[in-house]
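# Secondary and tertiary structure notes
Here's the letter readout for the chains.
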Amino acid sequence: MEEDTDYRIRFSSLCFFNDHVGFHGTIKSSPSDFIVIEIDEQGQLVNKTIDEPVFKISEIQPEPNNFPKKPKLDLQNLSFEDGRNQEVNTLIKYTDGDQNHQSGSEKEDTIVDGTSKCEEKADVLSSFLDEKTHELLNNFACDIKEKWLSKTELIGLPPEFSIGRILDKNQRASLHSAIRQKFPFLITVGKNSEIVVKPNLEYKELCHLVSEEEAFDFFKYLDAKKENSKFTFKPDANKDHRKAVHHFVNKKFGNLVETKSFPEMNCSAGNPNVVVTVRFREKAHKRGKRPLSECQEGKVIYTAFTLRKENLEMFEAIGFLAIKLGVIPSDFSYAGLKDKKAITYQAMVVRKVTPERLKNIEKEIEKKRMHVFNIRSVDDSLRLGQLKGNHFDIVIRNLKKQINDSANLRERIMEAIENVKKKGFVNYYGPQRFGKGRKVHTDQIGLALLKNEMMKAIKLFLTPEDLDDPVNRAKKYFLQTEDAKGTLSLMPEFKVRERALLEALHRFGMTEEGCIQAWFSLPHSMRIFYVHAYTSKIWNEAVSYRLETYGARVVQGDLVCLDEDIDDENFPNSKIHLVTEEEVSANMYAIHQVVLPILGYNIQYPKNKVGQWYHDILSSDGLQTCRFKVPTLKLNVPGCYRQILKHPRNLSYQLMEDHDIDVKMKGSHIDETALSLLISFDLDASCYATVCLKEIMKHDV
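Heads up: these notes are all about the structure in this document. (Residues numbered from 1 in each chain as written. Predicted model: local features only at pLDDT ≥ 70, side-chain atom pairs only at ≥ 80, totals over all residues. Heavy atoms only, no water.)

### A few points about the overall build of the protein chain
If you tally the helices and strands in the protein chain, you get 21 helices and 25 strands. Across the 701 residues in the protein chain, those meeting the buried criterion constitute 51%. With an accessible surface of roughly 33,500 Å², the protein chain has 48% of that area assigned to carbon and sulfur atoms. (Helix = DSSP H or I, 4+ residues; strand = E, 2+ residues; numbered from the N terminus. Buried < 20%, exposed > 50% of the residue type's maximum accessible area, 1.4 Å probe, protein only. Areas by Shrake-Rupley, 256 points an atom, 1.4 Å probe, with all protein chains shown as cover.)

The following block contains the structure:
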């Protein structure tokens, strides 16, 4: 496969920092040979079981049903023909109904002692408006409704009704909200302290797709903007109709909300009904400023846990958990990505799921080689990089000397390990960052996204491998036909990301806009992952160029980090210093302090040949004017800095025979091909064990 050969050549050309000979060996012979355990910010291994009880069942609040009881609108009391002075009674009446159907926001926000909170909001009108203005507003609402019910088209500009000028800002805000809550088929506009009321044409458009009851409830939900609430349309067996609803909501309000289809809860096996659920997009979290809703009764539920997975891609694991818990992948947060072909332990947090609910699926997920433990309630989600590092326990099998090396194998191994322990290794991103062994690498997708080539990025994502299995047959069919619906029928259920993209493409079409919506079907962390893969690839090539050009000496124009205790990439420009000629002469800095920028809009480049190299490579990739922002996908890449050298910490090792017999007798005569090496060490966050091993072995692992 030509593309993969090119990739191997590129990765193999990366520089070694040490001059020992090295040795050959095999890693990841099985997942149990490569164990990764996350180290949290307190320096604790996350696989250690918490001593005290993690939670008590009796203390857990009942988890909200995904599809709570549906408020039904009593349209019997609505009348638009009994006289213009009759107030339009659009307040919701609730009756007992199917608990799986909900149009409106969360049930607990609807009824208080038999009085709707909407009524409380509507009373604001009486308190702020005089009787005549109130009556005129009702008449205007009646006029609009009568015209819509009679199918009369509004000719010319939409009619308007002025409430008048309201000088007090808080009163204006209350009135805007009260009018829209009482009359969702109207909109309000502010003009120099004046409130103007107009017909809501989007309401009318939605009524062509769903019942007026649903449209009424949806626009009330939309106006309330209650964080973490959701709205569910009535169950619908017609896929084309659901597609139209998805398209309408995303086209009109896609920057505010997101939509998702779920099978109707508690339905019979033969019932194909599916519900379309809407919820507000997550806002960027400002640390230290918790929303009021999270400090009161409506507090969002966050459940932390440790995930153990074996031979499973992390995003696939999250997708499977999301299905079992009835949430979406973006409800999960984590501190870092983990290897697939390994046994990994990592901290995670899931929103809107109680500890009890998570514990209930333990048995179901075991068949996917997953286990969850240390389950507990927490106050917030995790963010990428919120860890101290990772601990590795690795077995290297089939140990052999390099070709034509006559030295003792064990001496070579000890020499190599001690060398890297002392001098460190080049801090490259590992091959798994780029999709080692695949036709299309993640950095190629990231480059397409940065260039706003959305359709190309989709096709790269769905490019098949040269394998004859259901997944690759489905991908091949898509590239040949661009038939998203047909490809969905071929794509296995466990391919969560691929199916999410295909469902969006089926809904919105294989157009540039459709491809943008398709990318929005993936969580932000997944979208940004591909862009980061590209910037990581460029960093790898930059550090190779830097070491080939200047070697291990610090030169004028290098960038150095002034903070000796830095152990991650999240340090500001104020910590970065440009090395001067005088400082080079005085040997003020060492090579381990040198950093290189990871591409973004808020970085500085070295003032030497390396800086020029960055500009040349960006130009060759067509990014000479790139601002490292992709507004259409809400992606911003500020950039950061990465140390060119890293050292393994807490390193220990021992040689073993095939049957786990420790080799303790120095100089004993054994068959060297039967030796294995067990090596353990800690690395800082965003460092790769495979890269450290490659430096030790001087061999492509």
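### Some words on the environment of Ala 518
Tracing the backbone shows Ala 518 in helix α17 (residues 512-520). Judged by its relative accessible area of 0%, Ala 518 is buried. Once the C-alpha coordinates of Ala 518 and Glu 498 are considered, the two residues, 20 residues apart in sequence, prove to be 9.9 Å apart. Each residue touching Ala 518, except ones within four places of it in the same chain, is listed here: Ile 458, Leu 501, Ala 504 and Leu 505. (Contact = heavy atoms within 4.5 Å.)

### Concerning the sheet that holds strand β22 (residues 640-643)
Strand order in the open sheet formed by four strands is β18-β17-β19-β22, with antiparallel pairing between adjacent strands. This sheet does not close on itself; its edge strands, each paired only once, are β18 (576-578) and β22. The average undirected angle you get between the axes of adjacent strands in this sheet is 50 degrees. Sheet topology places strand β17 (residues 559-561) next to β18; three bridges connect them, and they run antiparallel. Bridging from a neighbouring strand, Leu 559 pairs with Leu 578 of β18. Lying on the sheet, helix α18 (residues 524-550) is in contact with β19 (594-598) and β22; it crosses β19 at an angle near 145 degrees. (Pairing = 2+ DSSP bridges. Axes fitted to C-alpha atoms, helices over the stretch in contact; angles between N-to-C directions.)

### With respect to the packing of helix α11 (residues 409-423) against helix α21 (residues 689-697)
Two elements in contact, α11 and α21, have axes whose closest approach is 8 Å; the angle formed by their N-to-C orientations is 125 degrees. Taken as axis vectors, α11 and α21 run oblique relative to one another. As α11 runs across α21, the sense of the crossing is right-handed. Side by side, α11 and α21 meet where Ala 416, Ile 417 and Val 420 of the first sit next to Cys 692, Glu 695 and Ile 696 of the second. (Parallel < 35°, antiparallel > 145°, perpendicular 65-115°, else oblique. Left-handed = near helix turned anticlockwise from the far one by under 90°.)

### What about the environment of Pro 470?
Here Pro 470 shows up in helix α14 (residues 470-481). Residue classification places Pro 470 among the partly exposed residues on the basis of a relative accessible area of 41%. Remark: the alpha-carbon pair of Pro 470 and Pro 492, spanning 22 residues in sequence, is separated by 6.9 Å. The contacts of Pro 470, once residues within four sequence positions are left out, are Leu 490 and Pro 492.

### Focus on the pairing of β22
Burial along β22 is two-sided: Cys 640 and Arg 642 facing one way and Tyr 641 and Gln 643 facing the other are all buried. The pairing of β19 with β22 spans four bridges and is antiparallel. Paired with Ile 598 across the bridge in β22 is Cys 640.

### Re the sheet that holds strand β10 (residues 274-280)
One open sheet holds the three strands; their spatial order is β8-β10-β9, and the pairing between them is antiparallel. In this open sheet, the two edge strands, each paired with only one partner strand, are β8 (230-232) and β9 (257-263). Direction aside, the axes of adjacent strands within the sheet are offset by 25 degrees on average. One ladder, built from seven bridges, connects β9 with β10; its direction is antiparallel. By the bridge assignment, Phe 262 is partnered in β10 with Val 275.

### A few points about the pattern of salt bridges
Side chains bearing opposite charge may pair, as long as their charged atoms lie close to each other. Inspection of every chain in the model, using the stated rule, returns 29 salt bridges. Residues Lys 646 and Asp 684 are paired through a salt bridge, measuring 2.8 Å at the closest nitrogen-oxygen approach. Taken as a pair, Lys 646 in strand β23 (residues 645-646) and Asp 684 in strand β25 (residues 676-684) lie far apart in primary sequence, 38 residues in all. Among the charged side chains, a salt-bridge network with shared partners connects Glu 258, Arg 279, Asp 331, Arg 351 and Lys 352. (Salt bridge = Lys/Arg side-chain N within 4 Å of Asp/Glu carboxyl O.)

### Here's the deal with helix α12 (residues 442-450)
Most of α12 sits inside the fold, with eight of its nine residues counted as buried. Of the positions making up α12, those classed as buried are Thr 442, Asp 443, Ile 445, Gly 446, Leu 447, Ala 448, Leu 449 and Leu 450. Asn 452, located one to two residues past α12, shows a positive phi value of around 60 degrees.

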